[in-house]
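Examining the three-dimensional arrangement
Here is what each chain is made of, one letter per residue.
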Amino acid sequence: MSDTPMDYAFGMIGLGTMGRNLLLNMADHGFAVAGYDKNQKQVDLLGQEGQGKPVKGFMDSKEFVQSIKMPRAIMMLVPAGAIVDSVIAEMTPLLSPGDILIDGGNSHFTDTERRAKELAAKNLHFFGMGVSGGEEGARFGPSMMPGGDAEAYKVMQPVFEAIAAKVDGAPCVAYMGPGAAGHFVKMVHNGIEYGLMELIAETYGVLKTGLGLDNAAIGQVFTQWNEGRLQSFLLDITKDIFAFNAPGTDHLLLDDIKDEARAKGTGKWTSQVAMDLQAPIPTIDTAVSMRDLSKYKELRVQLAAQYGPEAGQLPGNKEEVLRQLEQAFYFSMIMSYAQGMHLLAKASEEYKYDLHLATIAKIWRGGCIIRSAFLNDIFNAFEGNNQLAHLLLDGKVQPLVQGSVGGARSLIAAAVTSGLAVPAYTSALGYFDAFRTARLPSNLIQAQRDYFGAHTYELIGKEGVFHTQWTGLRDKVESPAGPQANQAPATPPVPGTKQSNEEPLNKHL
Ligand code: 3PG
């Protein structure tokens, strides 16, 4: 490969391990690629790792841009946030109309929407693409979630399909939808990832504290699970962690690691957006909160001393508890995926992403961090019916849930009784139990809201919204709060409202 301008088919900005590995992956598939980084060390590393391959690193942005064939295709793999904007500001004067800029990082989807508009105004194509699989995935086959400018994606499709992970020959990459659909899907992927990781961590707690198993035995459980229906990338790496000694010692590195979990923010974003969209994802929310709680080490130590003793062993036959734990994990894993898929469906409606949930499940089956055997079941459920309102409604998922909920219930009850913290497990069961309740006690919340804030309520079998002067009613009933309660100021009537025994209020309230 000569260094004459426009030799390279693709450019990468940001030569961290992910960026370098994606370039090497492309080079392995016959694409000549260029990389750019301000840091000499990263450029040197690309040179060393790419020896004998059609790869070249640059430290000069102008030379880098000029080395790429037009229309240029350039991907940024830099930390999310202000850095992406500064890279765009640096690159845009060097690019030509029709060039394609791709953000392959974990950008917030609202930033991606904004950048797409800004760049379209400059006649540049832009799309956001979630990339999952970590360093190894980037090198040998990631799962990729592109969205936005469909025409630009079509140009890049052969490259991405070549480098993606394959499952049954199908590449783990597909166009997700317009706007920031790609980054949105990746964000939810990460949210599910948080849920699954917290469930695995709680499982470790049950095995260690609740069952008193040593590390070797715990590693054995994860190994066995990973060979069955629970097979997944996250369990696979977990069993490896339970076989990895601290260098130069005969004990696990895991035992030396502080019990304070960090986060880069995609899980939190998932919870924030889910709240905005009113899509319940309690297991993911719990996972985010638990990472936060874990960071209060000093406080935890204080509270442990104050409220001890800590959790004890779970009662019952060890083999039986292990059987229940396997069921509990399977059940809660299904709930985590189900919550994520439901959030995607809600977002698709709200943001007009036109997401195809079967395609998402399909490209998550390989390459990405949440790949698992169960994704085949999710794929089959939505492949048959993209309008399926919830994964739990699927006829083939139903027996899987019914066959595992009993074990989940027993395990969670035992853990709760012995004071063992299993909040992600508990939230998964609570989610299921609430969703399978045809009449929730939420009518009481509506009554309370109307009582203290005249927020109105709806009635069964009657059109419209209603308001009641509850304090007036209270005069006529026995009040355990005594006469004082009746002196509370009356709720001011909402203009235009009617009492529940009158005609309905107009619906504009
Ligand atoms: C990543 O995007 O790097 C991980 O999937 C999530 O990272 P976090 O756990 O640090 O948020």
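Quick notes on the rules
Residues numbered from 1 in each chain as written. Predicted model: local features only at pLDDT ≥ 70, side-chain atom pairs only at ≥ 80, totals over all residues. Heavy atoms only, no water. Patch = residues over 30% accessible without salt bridge, like charges linked within 9 Å, V, L, I, M, F, W, Y side chains within 5 Å. Areas by Shrake-Rupley, 256 points an atom, 1.4 Å probe, with all protein chains shown as cover. Salt bridge = Lys/Arg side-chain N within 4 Å of Asp/Glu carboxyl O. Helix = DSSP H or I, 4+ residues; strand = E, 2+ residues; numbered from the N terminus. Buried < 20%, exposed > 50% of the residue type's maximum accessible area, 1.4 Å probe, protein only. pLDDT = per-residue confidence, 0-100. Contact = heavy atoms within 4.5 Å. Pairing = 2+ DSSP bridges. Right-handed = clockwise from strand over helix to strand, strands pointing away. Axes fitted to C-alpha atoms, helices over the stretch in contact; angles between N-to-C directions. Near = heavy atom within 4 Å. Polar contact = N/O pair within 3.5 Å; in protein donor to acceptor, adjacent residues only side chain to side chain. Nonpolar A, V, L, I, M, F, W, Y, C, P; charged D, E, K, R; others polar. Phe/Tyr/Trp six-rings, centres within 6.5 Å; stacked < 30°, edge-to-face > 60°. Lys NZ or Arg CZ within 6 Å of the ring centre and 35° of its normal.

Taken together, Y296, L299, L303 and Y307 make up a surface patch of nonpolar side chains, about 460 Å² in accessible area. Along the chain, L299 falls in helix α13 (residues 297–307). Judged by its relative accessible area of 43%, L299 falls in the partly exposed class.

Looking now at the confidence of the model for the chain. Across the chain, the average pLDDT comes to 92, with 92% of residues at 70 or higher. Here residues 477–497 scores under 50 on pLDDT; set against residues more than four positions off or in separate chains, the count is 31 contacts.

Before going further, it helps to examine the pairing of strand β3 (residues 55–58). For strand β2 (residues 33–36) and β3, the ladder comprises four bridges, and the chain directions are parallel. Looking at the pairing, G35 lines up with G57 of β3. This β-α-β element, β2 to helix α2 (residues 40–49) to β3, shows right-handed connectivity.

Moving on: the sheet that holds strand β7 (residues 143–148). If you trace the seven strands from one edge of the open sheet to the other, you get β3-β2-β1-β4-β5-β6-β7, paired in mixed fashion. Single-partner strands in this sheet number two, and they are β3 and β7. On average, each strand axis in the sheet is tilted by 25° relative to the strand beside it, whichever way the strands run. With respect to the sheet, helix α8 (residues 181–210) is in contact with β5 (100–103), β6 (125–132) and β7, its orientation differing from that of β6 by roughly 15°.

Moving on to the site of the ligand. The environment of the ligand is made up of N106, K186, N190, E193, Y194, A263, K264, G265 and R291. Between the ligand and the protein, one listed contact pairs an oxygen atom with a side-chain N or O atom of N106 at 2.7 Å. In this structure, N190 approaches the ligand through a side-chain N or O atom, which is 3.4 Å from an oxygen atom. Protein chains shield 73% of the accessible area of the ligand, which is 320 Å² for the free molecule. A total of four residues in the shell around the ligand trace back to one element, the largest contributor, which is α8. A per-class count over the shell around the ligand returns two nonpolar, three polar and four charged.

To continue, consider the packing of aromatic side chains. Evaluated as defined, the whole model comprises 24 aromatic pairs. Each ring, one from F184 and one from Y351, has its centre 5.8 Å from the other, and the planes form 65°; the classification is edge-to-face. Taken together, the positions of F184 in helix α8 and Y351 in helix α14 (residues 318–351) put the pair 167 residues apart, joining distant regions of the chain. The structure contains a cluster of three or more aromatic residues connected by ring pairs, namely F10, F127, Y153, F160 and Y175. Note that R229 overlies the ring of Y330, its terminal NZ or CZ placed 3.8 Å from the centroid. The ring of F379 has R365 lying over it, and the distance from NZ or CZ to the ring centre is 5.0 Å.

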